[in-house]
Amino acid sequence: MLDQETFLKEHYIDPKEFRACGISWEELCAIYDSYVSIEDHLRDLGKEFVDAYLYDIEKAGIHSYRYRTKDPEHLLEKIIRKRSEEPERFADIDRYNYHKYMTDLIGIRVFFRNDPCKLRKFIGHTVAFRLGAVHTGAAAAHAAQYTVHHGQGVGAALHHQVTARPLQNHAVAALAV
(Lines give C-alpha, C1' and ligand atoms only; values in the text may rest on other atoms or scores of the structure.)
Protein backbone atom coordinates (compact mmCIF):
# COMPACT_ATOMS: atom_id res chain seq x y z
CA MET A 1 0.00 0.00 0.00
CA LEU A 2 1.20 3.49 -0.84
CA ASP A 3 2.04 5.83 1.99
CA GLN A 4 -0.36 8.78 1.85
CA GLU A 5 1.97 11.38 3.34
CA THR A 6 4.85 10.44 1.04
CA PHE A 7 2.58 10.39 -2.01
CA LEU A 8 1.10 13.81 -1.31
CA LYS A 9 4.53 15.30 -0.69
CA GLU A 10 6.10 13.76 -3.84
CA HIS A 11 3.23 15.03 -6.00
CA TYR A 12 3.01 18.47 -4.37
CA ILE A 13 -0.56 17.94 -3.21
CA ASP A 14 -1.59 19.89 -0.15
CA PRO A 15 -3.29 17.61 2.42
CA LYS A 16 -6.19 20.10 2.65
CA GLU A 17 -6.63 19.90 -1.14
CA PHE A 18 -6.63 16.11 -0.91
CA ARG A 19 -9.30 16.08 1.81
CA ALA A 20 -11.37 18.60 -0.16
CA CYS A 21 -11.44 16.37 -3.26
CA GLY A 22 -13.60 13.90 -1.31
CA ILE A 23 -12.09 10.54 -2.20
CA SER A 24 -10.71 8.26 0.47
CA TRP A 25 -7.10 7.17 0.51
CA GLU A 26 -8.31 3.56 0.64
CA GLU A 27 -10.28 4.05 -2.60
CA LEU A 28 -7.23 5.58 -4.30
CA CYS A 29 -5.13 2.60 -3.19
CA ALA A 30 -7.78 0.26 -4.62
CA ILE A 31 -7.65 2.18 -7.93
CA TYR A 32 -3.86 1.92 -7.86
CA ASP A 33 -4.00 -1.86 -7.29
CA SER A 34 -6.61 -2.31 -10.02
CA TYR A 35 -4.62 -0.27 -12.51
CA VAL A 36 -1.34 -2.06 -11.73
CA SER A 37 -3.13 -5.37 -12.33
CA ILE A 38 -4.14 -4.33 -15.89
CA GLU A 39 -1.12 -2.21 -16.83
CA ASP A 40 0.64 -5.04 -18.71
CA HIS A 41 -2.56 -5.68 -20.67
CA LEU A 42 -2.78 -1.97 -21.54
CA ARG A 43 0.85 -1.99 -22.66
CA ASP A 44 0.04 -4.97 -24.91
CA LEU A 45 -2.98 -3.11 -26.35
CA GLY A 46 -0.75 -0.10 -27.10
CA LYS A 47 1.73 -2.35 -28.88
CA GLU A 48 -1.05 -4.04 -30.83
CA PHE A 49 -2.39 -0.68 -31.96
CA VAL A 50 1.06 0.51 -33.02
CA ASP A 51 1.73 -2.77 -34.84
CA ALA A 52 -1.68 -2.74 -36.55
CA TYR A 53 -1.88 0.91 -37.59
CA LEU A 54 1.62 2.34 -37.64
CA TYR A 55 3.32 -0.62 -39.29
CA ASP A 56 4.51 1.18 -42.43
CA ILE A 57 6.15 4.32 -41.07
CA GLU A 58 7.67 5.21 -44.44
CA LYS A 59 4.32 5.17 -46.25
CA ALA A 60 2.63 7.03 -43.39
CA GLY A 61 5.31 9.71 -43.35
CA ILE A 62 6.19 9.03 -39.74
CA HIS A 63 9.56 10.08 -38.36
CA SER A 64 9.11 8.16 -35.12
CA TYR A 65 6.55 7.22 -32.52
CA ARG A 66 6.38 6.40 -28.84
CA TYR A 67 3.78 4.80 -26.69
CA ARG A 68 3.46 4.39 -22.97
CA THR A 69 1.04 3.47 -20.24
CA LYS A 70 0.18 6.04 -17.60
CA ASP A 71 2.31 5.86 -14.48
CA PRO A 72 0.09 4.49 -11.65
CA GLU A 73 0.97 7.32 -9.28
CA HIS A 74 0.28 9.92 -11.98
CA LEU A 75 -3.13 8.32 -12.43
CA LEU A 76 -3.91 8.93 -8.75
CA GLU A 77 -2.57 12.48 -8.95
CA LYS A 78 -4.81 13.14 -11.96
CA ILE A 79 -7.86 11.72 -10.20
CA ILE A 80 -7.27 14.01 -7.23
CA ARG A 81 -6.76 17.01 -9.54
CA LYS A 82 -9.83 16.25 -11.67
CA ARG A 83 -12.04 15.75 -8.61
CA SER A 84 -10.86 19.12 -7.32
CA GLU A 85 -11.36 20.89 -10.67
CA GLU A 86 -14.66 19.27 -11.68
CA PRO A 87 -16.22 17.68 -8.57
CA GLU A 88 -19.62 16.92 -10.14
CA ARG A 89 -18.17 15.28 -13.23
CA PHE A 90 -15.74 13.07 -11.30
CA ALA A 91 -17.81 12.50 -8.14
CA ASP A 92 -18.50 8.84 -8.87
CA ILE A 93 -15.01 7.74 -9.92
CA ASP A 94 -13.87 4.60 -8.14
CA ARG A 95 -11.88 1.37 -8.54
CA TYR A 96 -14.55 -0.09 -10.81
CA ASN A 97 -14.95 2.73 -13.31
CA TYR A 98 -11.83 4.94 -13.35
CA HIS A 99 -11.05 3.81 -16.91
CA LYS A 100 -14.32 5.46 -18.02
CA TYR A 101 -13.01 8.82 -16.85
CA MET A 102 -9.29 8.61 -17.65
CA THR A 103 -8.90 8.55 -21.42
CA ASP A 104 -5.12 8.47 -21.51
CA LEU A 105 -4.21 5.23 -19.77
CA ILE A 106 -2.28 4.46 -22.96
CA GLY A 107 -0.50 7.32 -24.71
CA ILE A 108 0.70 7.15 -28.32
CA ARG A 109 2.67 10.08 -29.73
CA VAL A 110 3.48 10.19 -33.45
CA PHE A 111 6.18 12.50 -34.87
CA PHE A 112 6.24 13.39 -38.57
CA ARG A 113 8.80 14.07 -41.20
CA ASN A 114 6.57 16.48 -43.10
CA ASP A 115 2.80 16.28 -43.31
CA PRO A 116 0.86 15.28 -40.17
CA CYS A 117 -2.30 14.80 -42.25
CA LYS A 118 -0.54 12.01 -44.14
CA LEU A 119 -0.86 9.69 -41.13
CA ARG A 120 -4.58 10.38 -40.84
CA LYS A 121 -4.95 9.54 -44.53
CA PHE A 122 -2.80 6.43 -44.06
CA ILE A 123 -4.69 5.21 -41.00
CA GLY A 124 -7.93 6.25 -42.70
CA HIS A 125 -7.30 3.53 -45.27
CA THR A 126 -7.13 1.08 -42.40
CA VAL A 127 -9.49 2.66 -39.87
CA ALA A 128 -12.48 4.63 -41.08
CA PHE A 129 -12.34 7.80 -39.00
CA ARG A 130 -15.90 8.11 -37.89
CA LEU A 131 -16.88 9.22 -34.45
CA GLY A 132 -17.43 6.22 -32.25
CA ALA A 133 -16.83 3.40 -34.70
CA VAL A 134 -14.23 1.45 -36.58
CA HIS A 135 -15.76 0.25 -39.80
CA THR A 136 -15.08 -2.58 -42.19
CA GLY A 137 -12.28 -2.75 -44.70
CA ALA A 138 -8.68 -3.61 -44.01
CA ALA A 139 -9.29 -3.09 -40.29
CA ALA A 140 -12.17 -5.55 -39.99
CA ALA A 141 -10.05 -7.91 -37.92
CA HIS A 142 -9.40 -5.10 -35.45
CA ALA A 143 -12.93 -3.67 -35.41
CA ALA A 144 -13.73 -5.57 -32.23
CA GLN A 145 -10.74 -4.01 -30.51
CA TYR A 146 -10.46 -0.33 -31.36
CA THR A 147 -12.55 2.75 -31.93
CA VAL A 148 -11.02 6.12 -32.76
CA HIS A 149 -12.62 9.41 -31.64
CA HIS A 150 -11.35 12.76 -32.87
CA GLY A 151 -10.51 15.56 -30.50
CA GLN A 152 -9.55 19.16 -30.98
CA GLY A 153 -6.06 20.08 -32.11
CA VAL A 154 -3.99 21.16 -29.14
CA GLY A 155 -0.81 23.02 -30.03
CA ALA A 156 0.80 21.21 -32.92
CA ALA A 157 -0.85 17.87 -32.14
CA LEU A 158 -4.19 16.50 -33.25
CA HIS A 159 -5.60 14.37 -30.45
CA HIS A 160 -7.68 11.25 -30.91
CA GLN A 161 -9.01 8.85 -28.31
CA VAL A 162 -8.70 5.16 -28.99
CA THR A 163 -11.10 2.78 -27.31
CA ALA A 164 -10.04 -0.74 -26.49
CA ARG A 165 -13.17 -2.88 -26.52
CA PRO A 166 -11.86 -5.36 -23.94
CA LEU A 167 -12.12 -2.46 -21.47
CA GLN A 168 -15.86 -2.05 -22.06
CA ASN A 169 -15.88 0.62 -24.80
CA HIS A 170 -14.18 3.27 -22.71
CA ALA A 171 -11.48 5.39 -24.27
CA VAL A 172 -8.17 4.42 -22.76
CA ALA A 173 -5.61 5.70 -25.25
CA ALA A 174 -4.70 9.18 -26.31
CA LEU A 175 -3.26 9.26 -29.81
CA ALA A 176 -1.44 12.56 -30.36
CA VAL A 177 -0.59 13.19 -34.00
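Refer to the structure printed above.
Calculation notes
- Residues numbered from 1 in each chain as written.
- Predicted model: local features only at pLDDT ≥ 70, side-chain atom pairs only at ≥ 80, totals over all residues.
- Heavy atoms only, no water.
- Helix = DSSP H or I, 4+ residues; strand = E, 2+ residues; numbered from the N terminus.
- Buried < 20%, exposed > 50% of the residue type's maximum accessible area, 1.4 Å probe, protein only.
- Areas by Shrake-Rupley, 256 points an atom, 1.4 Å probe, with all protein chains shown as cover.
- Phe/Tyr/Trp six-rings, centres within 6.5 Å; stacked < 30°, edge-to-face > 60°.
- Salt bridge = Lys/Arg side-chain N within 4 Å of Asp/Glu carboxyl O.
- Expected span 1.5 Å × (residues − 1).
- Contact = heavy atoms within 4.5 Å.
- Polar contact = N/O pair within 3.5 Å; in protein donor to acceptor, adjacent residues only side chain to side chain.
- Core = buried A, V, L, I, M, F, W, Y, C linked by side-chain atoms within 4.5 Å.

**Q** So what's going on with the overall build of the chain? Which residues, and what values?
**A** What the chain contains, in helices and strands, is seven helices and five strands. Shown N-terminal to C-terminal, the secondary structure of the chain runs as helices and strands in the order α-α-α-α-β-α-α-β-α-β-β-β. Counting across all 177 residues of the chain, residues that qualify as buried make up 43%. For the chain, the exposed area adds up to about 9700 Å²; of that, 49% sits on carbon and sulfur atoms.

**Q** Just give me the short version of the packing of aromatic side chains, but keep the residues and values in it.
**A** Counted under the stated rule, the structure contains three aromatic pairs. The rings of Phe 7, Phe 18 and Trp 25 are connected pair by pair, giving a single aromatic cluster.

**Q** How would you sum up the pattern of salt bridges? Please name residues and give values.
**A** Under the defined criterion, the tally for this structure stands at eight salt bridges. As a salt-bridge pair, Glu 27 and Arg 95 come within 2.7 Å of each other at their nearest N and O atoms. In this pair, Glu 27 is assigned in helix α3 (residues 25-53) and Arg 95 in the loop between α5 (72-85) and α6 (98-101), connecting sequence segments 68 residues apart. Under the relative-accessibility criterion, Arg 95 is labelled partly exposed at 33%. A salt bridge links Glu 86 to Arg 89; the nearest nitrogen and oxygen atoms lie 3.5 Å apart. Among the ionic contacts, a cluster of salt bridges with common partners joins Glu 39, Asp 40 and Arg 43.

**Q** Explain the side chain of Glu 39 to me, using residue names and the numbers behind them.
**A** Structurally, the position occupied by Glu 39 is in helix α3. On the accessibility criterion, Glu 39 (13% relative accessible area) is buried.

**Q** Would you mind going over unusual backbone geometry in detail, with residue names and values included?
**A** What you tend to see is this: most non-glycine residues have negative phi, and most peptide bonds are trans. The phi dihedral of Tyr 12 falls on the positive side, at around 55°, and the residue is not glycine. Residue position: Tyr 12 is located in the loop between α1 (4-10) and α2 (15-21). Relative accessible area serves as the criterion here: at 75%, Tyr 12 is assigned to the exposed category.

**Q** With reference to specific residues and values, describe α5.
**A** Taking 1.5 Å of rise per residue, 14 residues should cover 20 Å, and α5 covers 20 Å from first to last C-alpha, within 8% of that figure. Listing the buried residues of α5 in full gives Pro 72, Leu 75, Leu 76, Lys 78, Ile 79, Ile 80, Lys 82 and Arg 83. If you follow the buried residues of α5, they end up packed against α1, α2, α3 and α6. Measuring from the backbone nitrogen of Glu 73 back to the side-chain oxygen at the start of α5 gives 2.9 Å, which picks out Asp 71 as the cap.

**Q** Any details on the nonpolar core? Residues and values, ideally.
**A** Phe 18, Ile 23, Leu 28, Ile 31, Leu 75, Ile 79 and Tyr 98 are the most contacted members of the largest nonpolar core, which has 33 residues in total. Listed by contribution, the elements that provide at least two residues to this core are α1, α2, α3, α5 and β2 (106-112). No other element matches the 12 residues that α3 contributes to this core. Beyond its immediate stretch of four places on either side in the chain, Ile 79 contacts Ile 23, Leu 28, Ile 31, Ile 93, Tyr 98 and Met 102.

**Q** Give a detailed account of the environment of Trp 25, specifying residues and quantitative values.
**A** Within the secondary structure, Trp 25 sits in helix α3. Along the sequence, Trp 25 and Leu 76 sit 51 residues apart, while their C-alpha atoms lie 10.0 Å from each other. Not counting residues up to four positions away in its chain, the partners in contact with Trp 25 are Leu 2, Asp 3, Gln 4, Phe 7 and Phe 18. A polar side-chain atom of Trp 25 sits 3.3 Å from the main-chain carbonyl oxygen of Leu 2.

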